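# Remarks on the overall topology
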Amino acid sequence: MHRVAITGLGCISALGHDANSHWRSAVEGISGIGPITAIPPEKLKIHVAAEVKGFDAEKHFEPVKLAVIDPYSQYALVAAREAIADSGLTFDHGLHDDTAVIIGTGIGGAKTINEDSERIFGQGKIRTPPMSIPKLMPSAAASQVTMEYGLNGPAFGVTSACSSANHAIGEAYWMIKSGRARAAVTGGSEACLVFGSMLGWQALRVLSVDTCRPFCIDRKGMVLGEGAGVLVLERLEDAQARGARIYAEIAGMGMTSDAGSLTDPSAEGAARAIRQALEEAEIAPGDLHYINAHGTGTGQNDVAETKAIHLALGEAAGHVAVSSTKSMHGHGLGAAGALEAVITARAIADQIAPPTANFTMADPECDLDYVPNAARSMTIDTALSNSFAFGGLNAVLAFRRLH
Amino acid sequence: MSEVDTKTVESKIVEIVANQRRTDPAKLSLSDRLEDIEIESIDLVEIIFAIEDEFDIDVPQDRDAMKLDTLQDVVDGVQRLINEKNAA
């Protein structure tokens, strides 16, 4: 078995177009939530989201290539390029054959689906652009990353709604741990702020009308986000041998399913995933320092997640710092776990717990230390990042500081 | 709105709720509490969707819309939204 190091980070989100901006904004408690600009407001009842701002795709892609890459893959590529450059990996000496590419997404090419639907059902046309299918498939981002870097190892997309990125990163971690791959480019991507998808979320009535206030008594729901996060993972011994900077180790992964409700989360299912991650990482509950919570800001998640943390940690729950950075970068669905893994890795590297922004007053049923509104400098040797999806699919990553 | 229209609203809503619960509308009464007839949050979301479609109204996204107690509350709320729409 191999230990697994995080040596590269890349990110694009409402907080910025690179991992450092994403992290710095989160630490400073600057929210990326604002008015939706991508869709005319008169067509919507919900008017806030955490949009990626000022993204000029033509600056990143040749026009010919742009025509065949959905924004969801564009975000993944931008984040992958940053993460790979950050890691300094060159994939030579055969490493390209042993590098996995595993990218999660909740939907895939939502914009392409939306545009095709508009053509077919709105305009009554009977033809779609020929590259629609390879643009919208939920494995497109993984393929695009392999092609750009000539990576020939195991590659695929992973989908489990809001847990997609954590499942992807966890799978990549296990591949390296088990020896199946020596390195991995992994994370999650989503570009779902399109009309059809927004109507679907509105109908579910889980979106906040103003902002995202996780764990607060006056929380009104989640705020949709978008973007991508990508991590470069490699064998710890390889990373050390080449003198790479190591942000943190991924040391454990828990995955469970509730087998219960499509929309109501189960505290027990989430708690089992937390326990598994801690056990694999050999972290005792009392030694856990930080949790990047799923923390969507919905009525149901925040209570169930708080309960799950109590169930999994017992008395130690009261001593762990728990924050939801979705209060700033929004809920990136299939990208969420990756946006949060970037933050969790930096939290360990920088020894700072980012805050839960927009915090007013805690819900009495949410009684943990949520690091309200201000980042906290503290010892973070160990951390978890939680993702709990619709359909009861839970995925929890455990991180460790390298000593 | 006239009395007849109110009756129509009531019977349509009872029909929608009964349909969601896969039950006979005759078994429901306006004084029934949603909790007692086992309307869970996801059922309420479906019911609101059906109501919006039936009456061509927009139920506000605010979470208060999800804090209804009895079937009568649902009827009153819908009636209010219809009145607001007619007045606009």
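Bear in mind the structure is a predicted one, so any value in this text is a computation, not a measurement.

The number of helices and strands found in chain B is 3 helices and 0 strands. Beginning at the N terminus, the succession of helices and strands in chain B can be written as α-α-α. Taken over C-alpha atoms, the radius of gyration comes to 12 Å for chain B, in line with the 12 Å a tight globule of 88 residues would show. Based on the C-alpha atoms only, the size of chain B along its principal axes is roughly 35 × 30 × 20 Å. The 88 residues of chain B split such that 15% are buried. Pairs at least 24 residues apart make up 65% of the contacts formed inside chain B by residues separated by at least 6 positions.

Turning our eyes to something else, we now look at the overall build of chain A. Of the regular secondary structure elements, chain A holds 14 helices and 14 strands. Taken against the 2.2 N^0.38 rule, which gives 22 Å for 403 residues, the C-alpha radius of gyration of chain A at 20 Å falls within 12% of a compact globule. Dimensions along the principal axes, computed over C-alpha positions, put chain A at roughly 60 × 55 × 40 Å. Taken over 403 residues, chain A has a buried fraction of 60%.

As a further point, take the environment of B:Leu28. All names here are of chain B. Among the structural elements, Leu28 can be located in the loop between helix H1 (3-21) and helix H2 (41-55). Owing to 17 C-beta atoms within 10 Å, Leu28 belongs among the partly exposed residues under this scheme. Taking the C-alpha atoms as reference, Leu28 lies 7.0 Å from Val14; in sequence the two are 14 residues apart. Excluding residues within four positions of it along the chain, Leu28 makes contact with Val14, Val17, Ala18, Ile37 and Leu71.

Moving on, we come to the nonpolar core. If you look at the biggest cluster of nonpolar residues, it comprises 132 residues, and the most contacted ones within it are A:Ala76, A:Leu233 and A:Ile274. Residues contacting A:Ile274, with those up to four places away along its chain left out, are A:Gly254, A:Ala308, A:Ile309, A:Ala312, A:Leu384 and A:Val396. Residues B:Val9, B:Val17, B:Val74 and B:Val78 belong to the second largest nonpolar core, which totals 11 residues.

Right, let's talk about unusual backbone geometry for a bit. Keep in mind that most residues, glycine aside, have a negative phi and that most peptide bonds are trans. All names here are of chain A. Although it is not a glycine, Val371 sits at a positive phi angle of roughly 50°. Although it is not a glycine, Asn373 sits at a positive phi angle of roughly 65°. Structurally, Asn373 can be placed in the loop between strand E11 (352-353) and strand E12 (376-377). With 14 C-beta atoms counted inside 10 Å, the residue Asn373 sits in the partly exposed group.

Here we take up the sheet that holds strand E6 (residues 183-190) of chain A. All names here are of chain A. The strand order across the open sheet built from 10 strands is E5-E4-E6-E7-E1-E8-E14-E13-E9-E10, with neighbouring strands paired in mixed fashion. With partners counted over all chains shown, the strands left at the sheet margins are strand E5 (155-158) and strand E10 (321-323), one partner each. For this sheet the average axis-to-axis angle between neighbouring strands, irrespective of direction, equals 25°. Bridging between strand E9 (residues 290-292) and strand E13 (residues 382-389) involves 3 bridges; their strand directions are parallel.

Here the focus is helix H5 (residues 110-122) of chain A. Along H5(A), the positions that sit buried rather than exposed are A:Ala110, A:Lys111, A:Thr112 and A:Glu115. Along its buried surface, H5(A) packs onto helix H4 (71-87), helix H6 (132-136) and helix H9 (195-204) of chain A.

Let us look at the confidence of the model for chain B. Predicted coordinates in regions of low pLDDT should not be interpreted in detail. When pLDDT is averaged across chain B, the result is 88; 91% of the residues are at 70 or more. Confidence metrics for the complex model read pTM 0.94 and ipTM 0.81.

Definitions and limits used
Residues numbered from 1 in each chain as written. Chains lettered and ligands numbered in written order. Predicted model: local features only at pLDDT ≥ 70, side-chain atom pairs only at ≥ 80, totals over all residues. Helix = DSSP H or I, 4+ residues; strand = E, 2+ residues; numbered from the N terminus. Rg over C-alpha atoms; globule rule 2.2 N^0.38 Å. Buried ≥ 20, exposed ≤ 12 C-beta atoms within 10 Å, placed from the backbone. Contact = placed C-beta atoms within 7 Å. Core = buried A, V, L, I, M, F, W, Y, C linked by C-beta atoms within 7 Å. Pairing = 2+ DSSP bridges. Axes fitted to C-alpha atoms, helices over the stretch in contact; angles between N-to-C directions. pLDDT = per-residue confidence, 0-100.

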